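Coordinate analysis (summary)
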Amino acid sequence: MRRKISIFGATGSIGQSTLDLIGRAPENYDVVALTGGGNVAQLAADARKFGADVAVIADEARLPELRAALAGSQTEAAAGQAALVEAATRPADWVMSAIVGAAGLEPGLKALEQGATLALANKESLVTAGKLLMETAAKHGARVLPVDSEHSAVFQALVGEDMGAVERVIITASGGAFRDWPLERLAGASVAEASSHPNWDMGQRITIDSASMFNKALELIETREYFGIDPEKIEVLVHPQSIVHALVGFQDGGLMAHVGPPDMRHAIGYALHYPTRAKLPVERLDLARIGQLEFSDPDPKRYPALRLAYDVMARGGLSGAVFNAAKDMALDRFMAGQIGFTQMADVVKATLDQLLPDDGLIDAPMTLDNLRQAAHLGQSTAQNVTPR
């Protein structure tokens, strides 16, 4: 039976890896919707190749270009946030949510409202609105499957296990581009230097987030929201080889580890074929060749973003939306040359300190409108605070 598939964020690395897997057995899938940010040529080529019903480009100004690129095909062209949301309402069995940023939340919610399985690679959805997302899935009989390598690893380690027996969850971090740099050099790190990851092939923004470990801060919050784990039971270990993606510790003292190559097609493929395990075109590890695996505690001076994540989890409410928006703005300012690498954490901390004493951001109902307002406050505050 052919499955109906939509991919939100099809032109990014996760979307392209998903299409790579689908393209190996195209007879099993009907592609409903493909969306992209601004890469019209890639989006149109993929829409033609896979016979998508609709292709949506986020940048509305690029709609004429997309229409021209799709001329003569059967694929409808559309653009803008409203079109993204509309595409998510089209019936699909499985939807990949790989749009970067808060723009991915509403399409993901709409897909869940249709009862689709949502393969979630969009960190911001859980960070900003985890409670809303999981409640929407439960209400509509839908399923959310994690696609981050760490959360997929935790999910797999928990199959058949009693959550009540879980003592701790450990997610690993490569340490990013600057894991071996002297601390005194970090303040002068350039955008180009922060954009080179030692293990993973990712987009620029997430690669810089890896260097600062803001990506791991988001993943801490995701772990809490997806699995319902108390924050004090969630740990981070620096693991330079990126072979062990996560570990789950149980009350009998045992640890269940997920070990695999640093290839996102594993986590994507697991979600695509769940609950079965399909053959995937990923490297088979040779542990004898690897020889040894290293682990260490993250240095809080090198990675202050982690402490901020625990603060956000303790506050709850809409604080995740504030945190995420402030993080994005701090990254924008770093990439624009307005602040230094280490000042990103200072900007986010100053934003949280300024805004989160407001009980309204903690106690307000978690609605899309309230989340947007909280994000706007986080963004505007982070844009204007002066870092140390």
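A few points on the structure.

1. Some words on the pairing of strand S5 (residues 94-97)
Here S5 shows a buried face lined by Trp94 and Met96 and a second buried face lined by Val95 and Ser97. By the bridge criterion, 4 bridges tie strand S1 (residues 3-8) to S5 in an arrangement that is parallel. Paired with isoleucine 5 across the two strands is tryptophan 94, which belongs to S5. Bridge count for S5 against strand S6 (residues 117-120) is 4 bridges, and the pairing is parallel. Within S6, the position partnered with serine 97 by the bridge is leucine 120.

2. A closer look at the sheet that holds S1
Here we have 7 strands laid out as an open sheet, ordered S4-S3-S2-S1-S5-S6-S7, and parallel in their pairing. The open sheet terminates on both sides in strands that have one partner only, identified here as strand S4 (76-79) and strand S7 (143-146). The sheet shows a mean angle of 20 degrees between the axes of neighbouring strands, direction not considered. The pairing of S6 with S7 spans 4 bridges and is parallel. Bridge pairing in S7 links leucine 120 to proline 146. Its contacts with the sheet place helix H5 (residues 105-113) against S1, S5, S6 and S7, and it is angled at close to 155 degrees to S6.

3. What about the pattern of salt bridges?
Side chains carrying opposite charge are able to pair once their charged atoms draw close together. By the definition in use, this model includes 25 salt bridges. For arginine 372, the salt bridge is made with glutamate 106, and the minimal N-O distance between the two is 3.0 Å. With arginine 372 in helix H18 (residues 368-384) and glutamate 106 in helix H5, this residue pair connects regions lying 266 residues apart in the sequence. The partner of aspartate 328 in a salt bridge is lysine 327, and the shortest N-O contact between them spans 2.8 Å. Note on accessibility: aspartate 328 and lysine 327 belong to one class, buried. Within this structure, Lys123, Asp148, Glu150, Lys216, Glu219 and Glu222 form a network of salt bridges that share partners.

4. Considering unusual backbone geometry
Here the amide bond leading from tyrosine 274 into proline 275 is cis, since omega sits at 10 degrees, within 30 degrees of zero. Relative to the helices and strands, proline 275 is located in the loop between helix H12 (264-273) and helix H13 (287-290). Unlike most non-glycine residues, methionine 213 shows phi in positive territory, near 65 degrees. The class for methionine 213 is buried, based on a relative accessible area of 1%. In this model, serine 242 sits at a positive phi of 55 degrees, which is unusual for a non-glycine residue. When you line up the elements, serine 242 lands in the loop between strand S9 (234-238) and strand S10 (244-250). When its relative accessible area of 5% is taken as the criterion, serine 242 is described as buried.

5. Thoughts on the side chain of histidine 258
Within the fold, histidine 258 resides in strand S11 (residues 255-259). Accessibility expressed as a relative area gives 11% for histidine 258, which makes it buried. Non-local contacts of histidine 258, meaning those with residues more than four positions away in its chain, are made with Ala153, Gln156, Ile243, Val244, His245, Ala246 and His266.

6. What to know about the sheet that holds S9
Backbone hydrogen bonds hold the strands of a sheet together, and the pairing may be parallel or antiparallel. The strand order across the open sheet built from 4 strands is S9-S8-S10-S11, with neighbouring strands paired in mixed fashion. Here the strands that pair on one side only, and so sit at the sheet edges, are S9 and S11. Neighbour-to-neighbour, the strand axes of the sheet open up by a mean angle of 20 degrees, direction not taken into account. As judged from the 5 bridges shared by S10 and S11, these two strands associate in the antiparallel manner.

7. Considerations on the packing of aromatic side chains
Throughout the structure, instances matching the rule amount to 9 aromatic pairs. Here the aromatic rings of phenylalanine 178 and phenylalanine 341 are separated by 5.0 Å at their centres, their planes lie at 90 degrees, and the arrangement is edge-to-face. Taken together, the residues span a long stretch of sequence, with phenylalanine 178 in the loop between strand S8 (166-173) and helix H8 (183-186) and phenylalanine 341 in the loop between helix H15 (319-335) and helix H16 (343-355) at a distance of 163 residues. Like phenylalanine 178, the residue phenylalanine 341 is buried in the burial classification. Here the aromatic residues Phe155, Tyr226, Phe227, Tyr270 and Tyr274 are joined through ring pairs into a cluster of three or more. Sitting over the face of the ring of tryptophan 181, arginine 185 holds its NZ or CZ atom 3.7 Å from the ring centroid.

8. Some details on the layout of surface pockets
What the second largest pocket holds in volume is close to 390 Å³. For the lining of the second largest pocket, the element with the most residues is H16, which contributes 4 residues. Taken together, the residues of the lining of the second largest pocket break down into 10 nonpolar, 2 polar and 7 charged.

Thresholds, definitions, all that
Residues numbered from 1 in each chain as written. Predicted model: local features only at pLDDT ≥ 70, side-chain atom pairs only at ≥ 80, totals over all residues. Heavy atoms only, no water. Buried < 20%, exposed > 50% of the residue type's maximum accessible area, 1.4 Å probe, protein only. Helix = DSSP H or I, 4+ residues; strand = E, 2+ residues; numbered from the N terminus. Pairing = 2+ DSSP bridges. Axes fitted to C-alpha atoms, helices over the stretch in contact; angles between N-to-C directions. Contact = heavy atoms within 4.5 Å. Salt bridge = Lys/Arg side-chain N within 4 Å of Asp/Glu carboxyl O. Phe/Tyr/Trp six-rings, centres within 6.5 Å; stacked < 30°, edge-to-face > 60°. Lys NZ or Arg CZ within 6 Å of the ring centre and 35° of its normal. 1 Å grid on protein atoms, 1.4 Å probe; cavity = no way out; pocket = protein on both sides within 12 Å on 5 of 7 lines; lining within 4 Å. Points joined across faces, edges and corners; volume = space filled by probe spheres on them. Nonpolar A, V, L, I, M, F, W, Y, C, P; charged D, E, K, R; others polar.

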